Amino acid sequence: MTRRALIAMLLSLLCACTQRQQEGVVLKFWAMGREGEVVTALIPEFERTHPGVHVEVQQLPWTAAHEKLLTAYAGEVMPDVFQLGNTWIPEFEILKALTPLDAYAAASQVVRQDDYFPGIWDTNIVNGKLWGVPWYVDTRVMFYRQDLLKRAGYTRPPQSWDDWMKAMQAIKRIVGPDNYAILLPSDEFEPLLALALQQNEPLLRDGDRYGNFRSAGFQRSLQLYADMYAQKLAPLNRITNVYHEFGMGYVSFYISGPWNMGEFKRRLPAGQQDSWMTAPLPGPSGPAASVAGGSSLVLASSSKHKKEAWQLIEYLSRTETMARFHELTGDLPPRRSNWALPRLANDVYARAFAQQFERVRPTPKVAEWEQIATEMRLVAERVTHNELTVAQAAELLDAKADHILEKRRWMLARKEAR
């Protein structure tokens with residue numbers, strides 16, 4: 001190597017070292033989908049108020065996020081902070097990939113448990129410890145044609161299962177045999193899941209070791225779901241454009257999430273904007289639970305900058321930061337204080353979500369839950385096509401859940417034997 005080349009190499013190394021010193025702490029933050037794009041607009045303010053800390057944001061597509069995170073864990077290259085769908089938290093807790101946040105939250109002036117919707121906060125607690133802080137939330141409520149409901153003789157949305165069925169039957173009589181009362185897409189398991197979470201019995205039993213789908217509660221939920229098809233209140237055929245069919249009165253009820261508030265505002269004609277509304281889900285005897293969904297912010301156990309990583313989580317959890325995040329994404333915030341601000345407090349369509357978030361329940365906190373939920377959807381579809389009775393479906397679903405949970409039982413048995 002020539003003297004000139006050696007000098008150039010040394011200067012390059014010196015510049016690199018100087019740059020790293022100037023950067024100080026570099027936090028790696030992985031976020032998914034649209035959130036991963038938008039959160040970059042919030043980072044400059046964090047860096048301004050936290051001199052010496054730089055945040056590198058990497059956006060992951062949702063379709064590849066789970067595999068990417070597992071690969072990063074196996075390769076010991078986890079980011080410091082990352083977004084997790086709250087049903088993924090049990091899996092990453094088992095892997096010991098996460099840092100427990102109880103002590104951080106207890107000492108925080110920003111992250112206050114009493115300001116979060118209880119059911120949403122609970123999704124982040126596994127085995128008695130806090131592993132994530134809710135970042136944004138979703139659940140399922142009813143979108144409905146209030147004009148058709150009024151024509152059917154109802155001045156307010158139904159609140160119990162009995163009233164709901166009667167209201168749908170009344171609408172069916174008005175709209176005729178070629179139209180329906182409710183849309184229950186076969187590829188969406190959340191409506192049935194929400195009905196099941198309204199029951200007193202858990203979906204899994206014996207410490208989440210076995211399925212509990214033969215319980216009376218789940219069978220009641222599945223029977224109600226099946227009755228909506230049997231009475232031709234719900235179409236079996238697939239709908240390609242929900243908004244068009246909803247606007248045409250082909251269906252009058254649709255159980256869906258917060259993203260559809262914006263879609264209905266955009267896609268329904270101006271003349272129909274007064275025809276629709278949202279309402280909390282009816283329950284067996286009145287307003288009841290729905291699914292506690294959303295994403296959380298977690299801190300990797302391998303992070304070498306836990307103090308600064310927690311500061312980033314705190315910053316993103318501030319009421320004012322969440323308000324800005326909501327403006328950019330439309331995602332709903334998990335803190336009650338945000339719902340008191342005019343943007344959400346004055347949104348008539350969002351009010352049903354605010355009410356429903358006070359009554360949401362987490363799904364079973366096992367790493368295998370998404371596999372079980374897929375089986376629940378497939379088995380329920382067979383019930384709607386009269387291939388299985390409700391009792392047969394419940395027995396089959398228990399068998400499938402027990403098989404999926406076999407490794408969990410083995411691991412728990414080994415742990416208890418020590």
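One can find the structure itself at the top, above this paragraph.
Because the structure is predicted, anything quoted here is derived from the model rather than measured. (Residues numbered from 1 in each chain as written. Predicted model: local features only at pLDDT ≥ 70, side-chain atom pairs only at ≥ 80, totals over all residues. Heavy atoms only, no water.)

1. A short note on the pattern of salt bridges
Here's step 1: As enumerated under the stated definition, the model contains 20 salt bridges in all.
Here's step 2: For Arg-205, the salt bridge goes to Asp-206, with nearest N and O atoms at 2.7 Å.
Here's step 3: Judged by its relative accessible area of 32%, Arg-205 is partly exposed.
Here's step 4: Glu-375 is the salt-bridge partner of Lys-400, the closest N and O atoms lying 3.6 Å from each other. (Salt bridge = Lys/Arg side-chain N within 4 Å of Asp/Glu carboxyl O. Buried < 20%, exposed > 50% of the residue type's maximum accessible area, 1.4 Å probe, protein only.)

2. Thoughts on a nonpolar patch on the surface
Here's step 1: On the surface, Ile-94, Trp-410 and Met-411 cluster together into a nonpolar patch covering about 300 Å² of accessible area.
Here's step 2: Mapped onto the elements of the fold, Trp-410 is located in helix α21 (residues 406-417). (Patch = residues over 30% accessible without salt bridge, like charges linked within 9 Å, V, L, I, M, F, W, Y side chains within 5 Å. Areas by Shrake-Rupley, 256 points an atom, 1.4 Å probe, with all protein chains shown as cover. Helix = DSSP H or I, 4+ residues; strand = E, 2+ residues; numbered from the N terminus.)

3. Topic: the side chain of Asp-331
Here's step 1: Among the secondary structure elements, Asp-331 is positioned in the loop between α15 (319-329) and α16 (336-339).
Here's step 2: As a buried residue without a salt bridge, Asp-331 has its nearest oppositely charged side chain in Arg-34, at a separation of 7.8 Å. (Lys, Arg positive; Asp, Glu negative; His and termini not counted.)

4. Here we look at the sheet that holds strand β7 (residues 141-145)
Here's step 1: One open sheet holds the 4 strands; their spatial order is β8-β11-β7-β12, and the pairing between them is mixed. Each edge of the open sheet is held by one strand with a lone partner, namely β8 (182-183) and β12 (276-279).
Here's step 2: As judged from the 4 bridges shared by β7 and strand β11 (residues 253-256), these two strands associate in the antiparallel manner. Bridged to Tyr-144 within β11 is Phe-253.
Here's step 3: Across the sheet, helix α13 (residues 259-267) touches β7, β11 and β12, and the angle it forms with β11 is around 135°. (Pairing = 2+ DSSP bridges. Contact = heavy atoms within 4.5 Å. Axes fitted to C-alpha atoms, helices over the stretch in contact; angles between N-to-C directions.)

5. Side note on the packing of aromatic side chains
Here's step 1: Tallied over the full model, the rule gives 23 aromatic pairs.
Here's step 2: Centre to centre, the rings of Phe-143 and Trp-276 are 6.1 Å apart; their planes meet at 15°, and the pair counts as stacked. Highlighted residues: Phe-143 in strand β7 and Trp-276 in strand β12, separated in sequence by 133 residues. In this structure, Phe-143 and Trp-276 share a single accessibility class: buried.
Here's step 3: Grouping aromatic residues by their ring pairs yields a cluster made of Phe-117, Phe-143, Tyr-243, Phe-246, Phe-264, Trp-276, Trp-339, Tyr-349, Phe-353 and Phe-357. (Phe/Tyr/Trp six-rings, centres within 6.5 Å; stacked < 30°, edge-to-face > 60°.)

6. Thoughts on unusual backbone geometry
Working note: non-glycine residues mostly have negative phi, and peptide bonds are mostly trans.
Here's step 1: In this model, Glu-76 sits at a positive phi of 55°, which is unusual for a non-glycine residue.
Here's step 2: With respect to the element layout, Glu-76 can be found in the loop between α4 (62-74) and β3 (81-85).

7. What about the sheet that holds strand β1 (residues 25-32)?
Hydrogen bonds between backbone groups are what pair the strands of a sheet, and the pairing can be parallel or antiparallel.
Here's step 1: The strand order β2-β1-β3-β14-β6 describes an open sheet built from 5 strands, whose pairing is mixed. Each having just a single partner strand, β2 (53-60) and β6 (133-138) make up the two edges of the open sheet. Averaged over all adjacent pairs, the angle separating strand axes in this sheet is 20°, with direction ignored.
Here's step 2: Here β1 runs beside β3; their pairing, made up of 2 bridges, is parallel.

8. Section: a positive patch on the surface
Here's step 1: Taken together, the side chains of Lys-96, Lys-129, Arg-414, Lys-415 and Arg-418 make up a positively charged region of the molecular surface.
Here's step 2: For Lys-96, the position within the fold is in the loop between α5 (89-94) and α6 (102-107).
Here's step 3: By relative accessible area, which is 67% here, Lys-96 ends up exposed. (Charge placed at Lys NZ, Arg CZ, Asp CG, Glu CD.)

9. So, the packing of helix α19 (residues 369-384) against helix α20 (residues 390-404)
Here's step 1: Contact geometry of α19 with α20 gives a least axis separation of 10 Å together with a crossing angle of 160°. In terms of axis orientation, α19 runs roughly antiparallel to α20. When you trace α19 past α20, the crossing you get is right-handed. Within the contact between the two elements, α19 uses Gln-371, Ile-372, Glu-375, Met-376, Val-379, Arg-382 and Val-383 and α20 uses Val-390, Ala-393, Leu-396, Leu-397, Lys-400, Ala-401 and Ile-404.
Here's step 2: When the residues that make up the contact of α19 with α20 are grouped by side-chain class, the tally is 10 nonpolar, 1 polar and 3 charged. (Parallel < 35°, antiparallel > 145°, perpendicular 65-115°, else oblique. Left-handed = near helix turned anticlockwise from the far one by under 90°. Nonpolar A, V, L, I, M, F, W, Y, C, P; charged D, E, K, R; others polar.)

10. Quick word on the pairing of β12
Here's step 1: The alternating pattern of β12 places Trp-276 and Thr-278 and Met-277 and Ala-279 on opposite faces, both of which are buried.
Here's step 2: Where β7 lies against β12, 4 bridges are found, and the strand directions are antiparallel. Note on β12: the bridge partner recorded for Arg-145 is Trp-276.

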